Number of protein chains: 2
Amino acid sequence: MASVTIKDIAQRANVSPATVSRVLNGRVWVSEEKRRAVNEWITKLGYKPNQVAQTLVGTRSFLFGLVVTDVSNPFFADIVKIVQQEAYLSGYGVVLCHTGASREMERQQIDSLLRRQVDGVIIVPSAPDAPGLVKLRKAHVPTVVVSQHHPGFDSVSVDHEAGGVMVAAHLLSAGHTSFAYFGKPDDAKLAGLRKEALSHGVSSDHIACVEVDYDSVETVDVEAAAKEFFHSATGRATTGIFALNDFVALAVINAAAECGRSTPEDLGVVGFDNTYLARIHRPALTSVVQPIPEMAHQAVELLKRRLNAAGPGSENSVAEPNAVLLHPRVVVRKSSSSRAESGELLEQGL
Amino acid sequence: MASVTIKDIAQRANVSPATVSRVLNGRVWVSEEKRRAVNEWITKLGYKPNQVAQTLVGTRSFLFGLVVTDVSNPFFADIVKIVQQEAYLSGYGVVLCHTGASREMERQQIDSLLRRQVDGVIIVPSAPDAPGLVKLRKAHVPTVVVSQHHPGFDSVSVDHEAGGVMVAAHLLSAGHTSFAYFGKPDDAKLAGLRKEALSHGVSSDHIACVEVDYDSVETVDVEAAAKEFFHSATGRATTGIFALNDFVALAVINAAAECGRSTPEDLGVVGFDNTYLARIHRPALTSVVQPIPEMAHQAVELLKRRLNAAGPGSENSVAEPNAVLLHPRVVVRKSSSSRAESGELLEQGL
DNA sequence: TTGAAAGCGTTACCAC
DNA sequence: GTGGTAACGCTTTCAA
């Protein structure tokens, strides 16, 4: 019942608990003889260090908090998966939290993380203002924000505007001259799309924005909005579609089909995130890739760097926040490739 | 820097640390006067109990381990999400672990959970033998197995065989008389399909099994296997398809299309899990629903029950394991509904 | 009703 | 090199 402790080992090996601790941590020299004796008993009794005690004495908890809105979204799921794996490789465990869309939930979950003494937090906010961030700042908990940039925080994100530019370039080269973006009007993706389109002589009225909700796995609202759009005058005239994520893109394709507009014959559609949805759907969906493994890796790296920087040496020297900006890439598939083949990579067989 | 502790409160409120602890836990009477003073300072200083210390003294860590193979699979993602939310409502945090398909990884991750003194573990094994379970058993950590049954463990799962029966009934009523199951030959889903089909006079050679891999988000292998099947003599003759999950079902639909067999005109296809993939694909996919919220809820409940049972009162009385068996349900959509409308629910508009 | 004090399992500082 | 021992923040006897 009662787990085997450092004292049990000490007793059996005829050394002090301190010595056992020393061989465990290996920072200080211990005589070969005692070291062997200790190790022997450790394996013999199956001793496993109690991380809780280790945490209490002031070293670290080796626990990260990971805060997302909804793992059901495969983009988040991939991030969660890879962050967890990366963290594990560095000896950290991951406490997962969902916030839904709720600001209140975000606050509560972050409170619970703080009580648990996590060493750091990785947060993927959905709303542009993450109310939990101020708590984290106040608690001096190293934090990195993924997929958005927040002044004063470490962050790793993808250049959404550049993504928009690439999508516009792709759709233009595929022969489209009128566009609709499905997402928030203030999104950098739209800004990029608009910038590139305008610079190619597209008139501003040929760039519409259909406002739809973020991140939800439910797409009924999106389909309704899309149908309404395709029945409108502008809707009937536009052929180049860009959506804030793959879900929305597919919902738009489906809605369009019900309005008699088929993809890719009548419409060129591009999604975002390049989740497996893009691969499995027919027509397969052109989508903008976020380099998730790279993002997750950088996030964990940034956190580890902070943790080490926060060590004894540089107590108060709050280093400048690091903002890593990664570049997107577009994977061209059927949904946007009827009119012309672009130079970008087209996945085989689709 | 140094967080505010119970001693700080005690000092300010002119009481002993013990008293502060008492008002915190509220199990013992403390005079109104002191109780107010303490509470006042608690809010004034923003005191938050240190769960690590609480854990060390021998109460609980209020941490569950949650072990899955891959959150990228939306079925697992939904489980993870709801388990986390349920756990949170009961005051528990969730440490997430991925095992991929690797038995070694499973062992390692579970070791790390044990070092972290988690109060219990919820595990969704992919392989029918979960090597980590023996570790958990040895460590006397309350464990509940989700989506499979393991003798000697609490478990909550869905009756896959019943699901197979329902699918067979549905496909039969839709006019299909020859079947293929995509999955493992020893799966209860296939057993159910077979049982029901045979009992309706279908001959055994009209029930094929195409063996494909579990749970991966990658479906290229599945598509290859499916194409091979549809080019074979049996393949050409079978029209009723049942797959171990929605991914595989969609891959089969896509592969079939490339072999000139369209769904639902030539094929009736049914998936499993009823993930949003089923809803968003065209044709929309008929699928067997696992009641995930119920499963997650039960899992957390079972764990809590164990934890309380393990309390001081009944130290060694290892209660009989509970095996909760839930019933599946089939949601009929386009992919299987050309030939006849069955009596089961058909989602609107699809 | 309340306070003093003994741990919980580790680490780290200080002597030897 | 190594052993004693005081923390870490909290809960829980045991007295008072």
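The residue numbers shown here count from 1 along each chain, following its written sequence. All chains are assigned letters beginning with A, and all ligands numbers beginning with 1, in the order in which they are written. The predicted origin of the model limits local features to residues at a pLDDT of at least 70 and limits the giving and counting of side-chain atom pairs to 80 or more, whereas totals for whole chains, interfaces and linings rest on all residues. Side-chain metrics rest on all non-hydrogen atoms present in the structure, leaving aside hydrogens and water.

1. A short note on the protein's contact with DNA strand D
Here is step 1 of the chain: The near set for a molecule or strand comprises every residue that places at least one heavy atom within 4 Å of it. Close to DNA strand D lie 24 residues, the nearest being Thr19, Arg22 and Ser31 of chain A together with Ile6 and Tyr47 of chain B.
Here is step 2 of the chain: At the protein interface, 69% of the atoms of DNA strand D within 4 Å belong to sugar or phosphate.
Here is step 3 of the chain: The side chain of glutamine 54 of chain B places a nitrogen or oxygen atom 3.0 Å from a phosphate oxygen of DNA strand D.
Here is step 4 of the chain: A per-class count over the surface near DNA strand D returns 12 nonpolar, 10 polar and 2 charged. Here a polar contact means two N or O atoms within 3.5 Å. Within protein one must be a hydrogen donor candidate and the other an acceptor candidate, and residues neighboring in sequence count only if both atoms are side-chain atoms. For this classification, the nonpolar set comprises Ala, Val, Leu, Ile, Met, Phe, Trp, Tyr, Cys and Pro, the charged set comprises Asp, Glu, Lys and Arg, and every other residue, Gly included, is treated as polar.

2. Remarks on the protein's contact with DNA strand C
Here is step 1 of the chain: Around DNA strand C, the structure places 24 residues, and the nearest of them are Tyr47 and Val57 of chain A together with Thr19, Arg22 and Ser31 of chain B.
Here is step 2 of the chain: A share of 69% is what sugar and phosphate atoms reach among the atoms of DNA strand C within 4 Å of the protein.
Here is step 3 of the chain: Between serine 16 of chain B and DNA strand C, the recorded distance is 3.1 Å, taken from a backbone N or O atom to a phosphate oxygen.
Here is step 4 of the chain: Threonine 19 of chain B has a polar side-chain atom sitting 2.5 Å from a phosphate oxygen of DNA strand C.
Here is step 5 of the chain: Of all elements in the fold, only α2 (17-25) and α4 (51-56) of chain A together with α2 (17-25) of chain B reach the threshold of two or more residues within the surface near DNA strand C.
Here is step 6 of the chain: Helix and strand definitions follow DSSP, with helices as H or I runs of at least four residues and strands as E runs of at least two, each counted in order from the N terminus. Counting residues per element, the surface near DNA strand C draws most heavily on α2 of chain A, at 4 residues.

3. Describing helix α1 (residues 6-13) of chain A
Residues and elements named next belong to chain A.
Here is step 1 of the chain: Exposed residues in this analysis have more than 50% of their type's maximum accessible area, buried residues have under 20%, and partly exposed residues fall in between, with area computed by a 1.4 Å probe over protein chains only. Taken together, the buried positions of α1 are occupied by Ile9, Ala10 and Ala13. Angularly, the buried residues of α1 cover 100° about the axis, an arc narrow enough to put them on a single face. In α1, those exposed residues whose orientation departs by more than 90 degrees from the buried face are Lys7 and Gln11.
Here is step 2 of the chain: The contact definition used throughout considers only heavy atoms, calling two residues in contact when any of these lie within 4.5 Å. Those residues of α1 that are buried are in contact with α2 and α3 (32-45). This arc describes the spread of directions from the helix axis toward the C-beta atoms.

4. Here we look at the relation of the copies chain A and chain B
Here is step 1 of the chain: Least-squares fitting of one copy onto the other uses the C-alpha atoms of those residues that reach a pLDDT of at least 70 in both copies. For the pair chain A and chain B, the relating rotation is 180°, the translation along its axis is 0.0 Å, and the fit reaches an RMSD of 0.1 Å. What we have between these two chains is a two-fold relation. Among all residues of chain A, the one whose C-alpha sits closest to the rotation axis is valine 95 of chain A, at a distance of 2.2 Å.
Here is step 2 of the chain: When the interface residues of chain A are mapped onto chain B, 100% of them are again interface residues, pointing to one common binding face.

5. Looking at the sheet that holds strand β9 (residues 268-273) of chain B
Residue and element names in this part refer to chain B.
Here is step 1 of the chain: By definition, two strands form a pair when at least two bridges between them are found by DSSP. The strand order across the open sheet built from 6 strands is β7-β6-β8-β9-β10-β12, with neighbouring strands paired in mixed fashion. Every other strand in the sheet has two partners, leaving β7 (207-210) and β12 (329-331) as the edge strands with one partner each. Neighbour-to-neighbour, the strand axes of the sheet open up by a mean angle of 20°, direction not taken into account.
Here is step 2 of the chain: As judged from the 4 bridges shared by strand β6 (residues 179-182) and strand β8 (residues 240-243), these two strands associate in the parallel manner. Pairing of phenylalanine 179 across the sheet is with glycine 240, part of β8.
Here is step 3 of the chain: Running over the sheet, helix α8 (residues 160-173) touches β6, β8, β9, β10 (286-289) and β12 and is turned about 160° from β9. Helix axes are fitted only over the stretch in contact, all axes being lines through C-alpha atoms; the angle between N-to-C directions runs from 0 to 180 degrees.

6. Describing the interface of chain A and chain B
Here is step 1 of the chain: With 53 residues of chain A at the interface, the matching set in chain B holds 54 residues.
Here is step 2 of the chain: Buried area is understood as the total, over both parts, of accessible area removed when two parts are fitted together, assessed with a 1.4 Å probe. Both sides of the chain A and chain B interface together cover about 4700 Å² of buried area, and 57% of this is carbon and sulfur.
Here is step 3 of the chain: Its largest share of buried area at the contact with chain B, chain A owes to Tyr88, Arg116 and Ile280 of chain A, together 15% of the area lost on that side.
Here is step 4 of the chain: A carboxyl oxygen of Asp or Glu within 4 Å of a side-chain nitrogen of Lys or Arg is what we treat as a salt bridge. The tally of links from chain A across to chain B stands at 2 salt bridges.
Here is step 5 of the chain: As a salt-bridge pair, lysine 81 of chain A and aspartate 70 of chain B come within 3.2 Å of each other at their nearest N and O atoms.
Here is step 6 of the chain: Inspection of the region where chain A meets chain B yields 29 residue pairs in polar contact (both at pLDDT 80 or more).
Here is step 7 of the chain: Going through the elements one at a time, α4, α5 (74-89), β2 (93-98), α6 (103-115), α12 (246-258) and α13 (276-280) of chain A are the ones with two or more residues in the side of chain A that touches chain B.
Here is step 8 of the chain: A total of 8 residues in the side of chain A that touches chain B trace back to one element, the largest contributor, which is α5 of chain A.
Here is step 9 of the chain: When its residues are assigned to classes, the side of chain A that touches chain B shows 24 nonpolar, 17 polar and 12 charged.

7. Examining the state of the cysteines
Here is step 1 of the chain: Note on terminology: disulfide denotes any pair of cysteine sulfur atoms within 2.5 Å. Within this structure, the stated rule accounts for 0 disulfides over all chains.
Here is step 2 of the chain: This cysteine, cysteine 209 of chain B, is not joined by any disulfide, and cysteine 259 of chain B carries the nearest cysteine sulfur, 18 Å off.

8. Observations concerning empty space enclosed by the protein
Here is step 1 of the chain: Residues are called lining when one of their atoms sits within 4 Å of a cavity or pocket point, these points coming from a 1 Å grid over the protein atoms alone, where a cavity is a set in which a 1.4 Å probe fits but cannot get out and a pocket is an open set with protein on both sides within 12 Å along at least five of seven lines. Grid points are joined across faces, edges and corners, and a volume is the space filled by probe spheres set on the points. Enumeration according to the criterion identifies 4 cavities of 30 Å³ or more in this entry.
Here is step 2 of the chain: What the largest cavity holds in volume is close to 160 Å³.
Here is step 3 of the chain: Of all the secondary structure elements, the ones that give two or more residues to the lining of the largest cavity are α4 of chain A together with α4 (51-56) of chain B.
Here is step 4 of the chain: For the lining of the largest cavity, the per-class residue count stands at 4 nonpolar, 6 polar and 2 charged.

9. A closer look at the domain arrangement of chain A
Residues and elements named next belong to chain A.
Here is step 1 of the chain: Its domain assignment divides chain A into domain 1 (6-158 + 292-326) and domain 2 (160-290 + 329-346).
Here is step 2 of the chain: As used throughout, domain bounds are those supplied by an automatic or database domain assignment. One C-alpha centre belongs to domain 1, the other to domain 2; they are set 39 Å apart.
Here is step 3 of the chain: On the domain 2 side, the residues contacting the 10 residues of domain 1 number 11 residues.
Here is step 4 of the chain: Interface area for domain 1 against domain 2, summed over the two sides, is near 1000 Å², with a carbon-plus-sulfur share of 57%.
Here is step 5 of the chain: Our count for the domain 1 to domain 2 interface comes out at 2 residue pairs in polar contact (both at pLDDT 80 or more).
Here is step 6 of the chain: Those elements that provide at least two residues to the side of domain 1 that touches domain 2 are α5 and α14 (292-309).
Here is step 7 of the chain: A total of 3 residues in the side of domain 1 that touches domain 2 trace back to one element, the largest contributor, which is α5.

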